[in-house]
Amino acid sequence: MLGLPILLNLHQQPCLLVGGGRVALRKARLLAEAGAVVSVMAPDIEPELETLLVRSHGRWLAQSYLPDFSLKPYRLIIAATNNPEVNAMVFTQAEQQGVLVNSVDDLPHCRFTLPAIIDRSPIQIAISTGGASPVLARQLRTQLEGLIPHHYGALAEFSGQWRERVKQQFPNPDTRRPFWEAFYASPLAEKILQGEMLSSEAFEQFLQGWQQPQGEVYLVGAGPGDPDLLTFKALRLMQQADIIVYDRLVSDPIMALVRRDAERVYVGKQRANHALPQESINRLLVRLAQEGKRVCRLKGGDPFIFGRGGEEIETLVEAGVRFQVVPGITAAAGCGAYAGIPLTHRDYAQSVRFLTGHLKEGSPELPWKELVYEQQTLVLYMGLTGLDQIMRQLRAHGIRPEMPVALISRGTTPEQRVVVGTVEDIAAKAA
């Protein structure tokens, strides 16, 4: 992160603005809305700014900024003059005196930046580019404004009024979280979002009638690596799961999207190096669900295409555990698309076949004769280790040595690499 997003409680706190022009006016409005006591230091100020100071009980210090001025009485400082030297001087002295400081449009002289704000009090959403592009942050705010109903603030306020009562009913936070999720998805919350009043009796009845849901497992396909390829449903379940059980092929940007306070269990498998054997993973999913947890089994690609999801749901069914399967974009589709290689083509490939180069016993014993066919695309998963042997077998069974081959590593990510060759030379090129 470029900076730590925080919300400062500035109610009745002294803040200083150096500068009296239009930029200073915009910043003064923000500080006044936050409840700060604003002082403005400038020889001359905008009439609107003077009116704002009177209305918010602020002060106008009608003078230029002086090097010996003490900044310690103020919680934060904003330098908003049109003189870069003055702004730099304010920054230097604020740093020396240990006061938070921002110089408008001068990132090197900022200890904090001001984000674009969506205000649905008590809900506040801050959008920041770290000072790199304030206009882009404002455009994002405009887009989000239309997506977030105005009465979300009323819903948050209602929740705050009932928070202690819900805590009494459900002392365990692992129980309270799904209760609130169920309430926010209910018609009662929708009434508040429509601007209607919700009676205490209606909420109390919902509270008394709610029951802790059973544990459940979500088999979620995380796709080949690019987080933009996640489905909406995958993202929603990743955000509500109590525990994330993930494998080696799930990329770091995708893991950054899971719920921050969710427990994470790594069960990644590499060749001859399994963090947890598959049978143990199956039992783990059952145990966690039987403890009442919502478990997201996050798998690279698609759970049902060489993802061993079938083995996992067999165990879940036998144990009577509820589950959902969320398809993901399999590596073949993602890597082919990002490398510009169509899996099917009207002139060259009328079929596509998915194969694995790493079987249970570790030997790629494939139906070689069936694979030697001109008008199809062969997609080989996990084929790097036995690549030379696979290419020799294909040649031995009659495939053309000049048949094109593409080897794709870390597909759909910024680290994607594509090596293009033929059946004859791809193993040497890969090496």
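None of the values given here were measured: they were computed from a predicted structure.

Comments concerning the packing of helix α6 (residues 173–184) against helix α8 (residues 200–209)
Two numbers describe how α6 lies on α8: the axes approach to 11 Å, and their chain directions differ by 130°. When the axes of α6 and α8 are compared, the pair comes out oblique. Considering how the two elements wind past one another, α6 and α8 form a crossing that is right-handed. Residues Phe-179, Trp-180, Ala-182 and Phe-183 of α6 touch α8, and the partners they reach there are Phe-203, Phe-206 and Leu-207. Partitioning the contact of α6 with α8 into residue classes produces seven nonpolar, no polar and no charged.

Brief notes about the sheet that holds strand β9 (residues 243–246)
Spatial strand order, β10-β9-β13-β8-β14: five strands in an open sheet with parallel pairing. Unpaired on one side and paired on the other, β10 (263–266) and β14 (322–326) mark the two borders of the sheet. Here the average twist between neighbouring strands, direction ignored, is 20°. Taken together, the four bridges between β9 and strand β13 (residues 294–299) define a ladder with parallel strand orientation. Following the sheet pairing, Ile-243 is matched in β13 by Val-295. Contacting β8 (216–221), β9, β10 and β13, helix α11 (residues 278–290) crosses the sheet at an angle of about 155° to β13. Of the strands in this sheet, β8, β13 and β14 touch helix α12 (residues 309–319), which is tilted by about 170° from β8.

A look at unusual backbone geometry
In this model, Ser-121 is joined to Pro-122 through a cis peptide bond whose omega is 10°. Here Pro-122 shows up in the loop between β6 (116–120) and β7 (123–127). Unlike most non-glycine residues, His-57 shows phi in positive territory, near 60°. Positive phi, normally seen in glycine, also occurs at Arg-308, with a value near 60°. Among the structural elements, Arg-308 can be located in the loop between β13 and α12. Judged by its relative accessible area of 29%, Arg-308 falls in the partly exposed class.

Quick notes on the packing of helix α1 (residues 22–33) against helix α2 (residues 47–55)
When two helices pack together, you describe them by how their axes are tilted relative to each other and by the distance separating the axes. Contact pair α1 / α2: the axes reach a minimum separation of 9 Å and the direction vectors enclose 20°. In terms of their interaxial angle, α1 and α2 are classed as roughly parallel. In the crossing of α1 with α2, the sense of the turn from one axis to the other is left-handed. In this structure, α1 contributes Arg-22, Ala-24, Leu-25, Ala-28, Arg-29 and Ala-32 to the contact, and α2 contributes Glu-48, Leu-49 and Leu-52. Of the residues assigned to the contact of α1 with α2, the class counts are six nonpolar, no polar and three charged.

Observations concerning the side chain of Asp-242
Considering the arrangement of structural elements, one finds Asp-242 in the loop between α9 (232–240) and β9. For Asp-242, a relative accessible area of 11% translates into the label buried. Other than its neighbours up to four places away in sequence, Asp-242 contacts Arg-177, Arg-259, Ala-262, Glu-263, Lys-293 and Arg-294.

So, the sheet that holds strand β4 (residues 76–79)
With parallel pairing, five strands are arranged side by side in an open sheet as β3-β2-β1-β4-β5. A single partner strand is all that each edge strand has here, and the edge strands are β3 (59–61) and β5 (100–103). Each adjacent strand pair in this sheet contributes to an overall mean axis angle of 20°, direction not counted. Looking at chain direction, strand β1 (residues 14–18) and strand β2 (residues 37–41) are connected through five bridges and run parallel. Looking at the pairing, Pro-14 lines up with Val-37 of β2. Where α1 meets the sheet, its contacts fall on β1, β2 and β4, and the angle it forms with β1 comes to roughly 170°. Here helix α3 (residues 84–97) sits on the sheet in contact with β1, β4 and β5, set at roughly 165° to β5.

Description of the environment of Thr-113
Relative to the helices and strands, Thr-113 resides in the loop between β5 and β6. Counting along the chain gives 108 residues from Thr-113 to Gly-221, while the straight-line C-alpha distance between them is 38 Å. For Thr-113, the residues in contact, after removing those within four places along its chain, are Asn-102, Leu-107, Ser-128, Gly-130 and Gly-131.

Rules of the game
- Residues numbered from 1 in each chain as written.
- Predicted model: local features only at pLDDT ≥ 70, side-chain atom pairs only at ≥ 80, totals over all residues.
- Heavy atoms only, no water.
- Axes fitted to C-alpha atoms, helices over the stretch in contact; angles between N-to-C directions.
- Helix = DSSP H or I, 4+ residues; strand = E, 2+ residues; numbered from the N terminus.
- Parallel < 35°, antiparallel > 145°, perpendicular 65-115°, else oblique.
- Left-handed = near helix turned anticlockwise from the far one by under 90°.
- Contact = heavy atoms within 4.5 Å.
- Nonpolar A, V, L, I, M, F, W, Y, C, P; charged D, E, K, R; others polar.
- Pairing = 2+ DSSP bridges.
- Buried < 20%, exposed > 50% of the residue type's maximum accessible area, 1.4 Å probe, protein only.

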